[in-house]
Amino acid sequence: MSSQAGFDEPCAPKHRANRQRPYFPKPFITVDGISRAPLNPGDFASLHIRTYNLRPEWFEGFQLNASKALAVHQTVRASWNLSHITPTGFRMGVQLQRRCNDHVLKTPLVAFDVNPSTLASNMFLLYRPFASICGEISAQLQPQAQSVPVIDRLSLQHMGSSTTTTLRCYNPTRESCRMTLDHLMSYNDRLAFGAELLYEWYRNTTNAQIALAARYSFERHCIAATGSLEAFDLSYWRKINDRLQIGSSFACSHREGKAIGTIYYRVERPDCTVRGLFDSDWSVGFTYQRKLSQMPMNAGLSLLFCIPKNTFQCGFKIDLDSNLQ
């Protein structure tokens, strides 16, 4: 007994020590990350698009809009406006596009509207001869026989896998014109940066400026900045949840000697959408749009109040759309 006890006695503590030994987890394992190719950043004009999409679309007075889709590529529209700010009257137009090819609408796209009383019309043409090249033209046509069409904007854009280059021309005439050439590229799927060259002339006066821009975006927030010697813009966008989005912007212009900051918000529900803002100029307003149940109709309300200017704008509109049925 003594020999057996003497044999088992030193082994018991070792067995208990092995059972009570602390367990350490496996060390961290290094793995290769997932590399994503740079995405197309869009053009220079849409650098702050996420923030500016939250801005309310103001309208004043009363508007009645109706649209009818004749086919997937044909839409007829008509509108009647009664306002003190925008021209009052009735307009009708049409939008034509090539037929679908593999569920993709093909260009050219032509949008045309006319005022029956004055025969003044607006025309917009978009043509994409290749997948990477797009051209646009926006012009106003006057009813006089000798009048020359007034071109509002001409643009030619090339879109690559990670770059976008755009040449735009605004209101070209013999005495004045404004041209911009911008290039925006993506460093990765989050960071994009670029530059824009602005050249404008009026009679014997010319002006040239260079602007730099950058944008850093995630799925739920984004920050973008644009700066030159005459102006600076900074915007921030954040998606709180599926219903609420907020944004803010700060714009400073040395030419006008003014700086203004604005906070935007957008609330989306299944049957309505609310957009609003308030800025450092003491302007407060919102727009409310609601889908009427069991009717192909949208109703909208717009309110804007500016305290320093002591102005108040109110608008109401009804949109009749057969596609909402």
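The structure presented is a predicted model; accordingly, all values stated were derived computationally and were not measured.

Parameters and conventions
Residues numbered from 1 in each chain as written. Predicted model: local features only at pLDDT ≥ 70, side-chain atom pairs only at ≥ 80, totals over all residues. Heavy atoms only, no water. Helix = DSSP H or I, 4+ residues; strand = E, 2+ residues; numbered from the N terminus. Buried < 20%, exposed > 50% of the residue type's maximum accessible area, 1.4 Å probe, protein only. Areas by Shrake-Rupley, 256 points an atom, 1.4 Å probe, with all protein chains shown as cover. Pairing = 2+ DSSP bridges. Salt bridge = Lys/Arg side-chain N within 4 Å of Asp/Glu carboxyl O. Phe/Tyr/Trp six-rings, centres within 6.5 Å; stacked < 30°, edge-to-face > 60°. Lys NZ or Arg CZ within 6 Å of the ring centre and 35° of its normal. Contact = heavy atoms within 4.5 Å. Patch = residues over 30% accessible without salt bridge, like charges linked within 9 Å, V, L, I, M, F, W, Y side chains within 5 Å. Polar contact = N/O pair within 3.5 Å; in protein donor to acceptor, adjacent residues only side chain to side chain.

**Some thoughts on the overall build of the protein chain**
Helix and strand counts for the protein chain come out as two helices and 19 strands. When burial is assessed residue by residue, the protein chain has 26% of its 325 residues classed as buried. Here the protein chain has roughly 22200 Å² of accessible surface; of this, 60% comes from carbon and sulfur atoms.

**As for the pairing of strand S8 (residues 163-170)**
Two elements, strand S7 (residues 150-159) and S8, share seven bridges in a ladder whose sense is antiparallel. Across the sheet, residue His158 finds its bridge partner in S8, namely Thr165. As paired elements, S8 and strand S9 (residues 176-186) share eight bridges and run antiparallel to each other. In the sheet register, Arg168 faces S9, and the bridge partner there is Thr180. Hairpin connection from S8 to S9: five residues lie between these consecutive antiparallel strands, with Asn171 at a positive phi of about 45 degrees.

**Comments concerning the pattern of salt bridges**
Scanning the entire structure with this criterion turns up 11 salt bridges. Between Glu268 and Arg266 there is a salt bridge whose closest N-O contact spans 2.7 Å. Under the relative-accessibility criterion, Glu268 is labelled partly exposed at 27%. Overlapping salt bridges, with partners in common, bring together Asp43, Arg168 and Asp182 in one network.

**Describing the pairing of strand S1 (residues 61-71)**
Relative to strand S19 (residues 311-321), S1 is paired through seven bridges, and the arrangement is parallel. Pairing of Gln63 across the sheet is with Lys317, part of S19.

**Some words on the packing of aromatic side chains**
In total, this model carries five aromatic pairs according to the counting rule given. For the pair Phe62 and Phe316, a centre-to-centre distance of 6.3 Å together with 20 degrees between the ring planes defines the contact as stacked. With Phe62 in strand S1 and Phe316 in strand S19, this pair connects stretches of sequence that are 254 residues apart. Since its relative accessible area comes to 35%, Phe316 is described here as partly exposed. Members of the aromatic cluster, connected to one another through ring pairs, are Phe62, Trp80 and Phe316. Looking at Arg55, its charged tip hangs above the ring of Tyr52, at a distance of 4.3 Å from the centre.

**Points about the environment of Gln63**
Considering the arrangement of structural elements, one finds Gln63 in strand S1. Here Gln63 is in contact with Trp80, Asn81, Phe316, Lys317 and Ile318, once residues within four sequence places are set aside.

**Structural notes on a nonpolar patch on the surface**
There is a patch of nonpolar side chains on the surface, built from Leu156, Leu167, Met179, Leu181, Leu197, Ile210 and Leu212 and spanning about 630 Å² of accessible area. Within the secondary structure, Leu212 is located in strand S11 (residues 205-217).

**What about unusual backbone geometry?**
Note the cis peptide between Thr107 and Pro108, where omega equals 15 degrees. By the element assignment, Pro108 lies in the loop between strand S3 (89-97) and strand S4 (109-114). Backbone geometry places Asn171, a non-glycine residue, at a positive phi of 45 degrees. Looking at the secondary structure, you find Asn171 in the loop between S8 and S9.

**Details of the side chain of Arg266**
Considering the arrangement of structural elements, one finds Arg266 in strand S15 (residues 258-268). At 2.7 Å, the side chain of Arg266 and the side chain of Glu268 are in polar contact.

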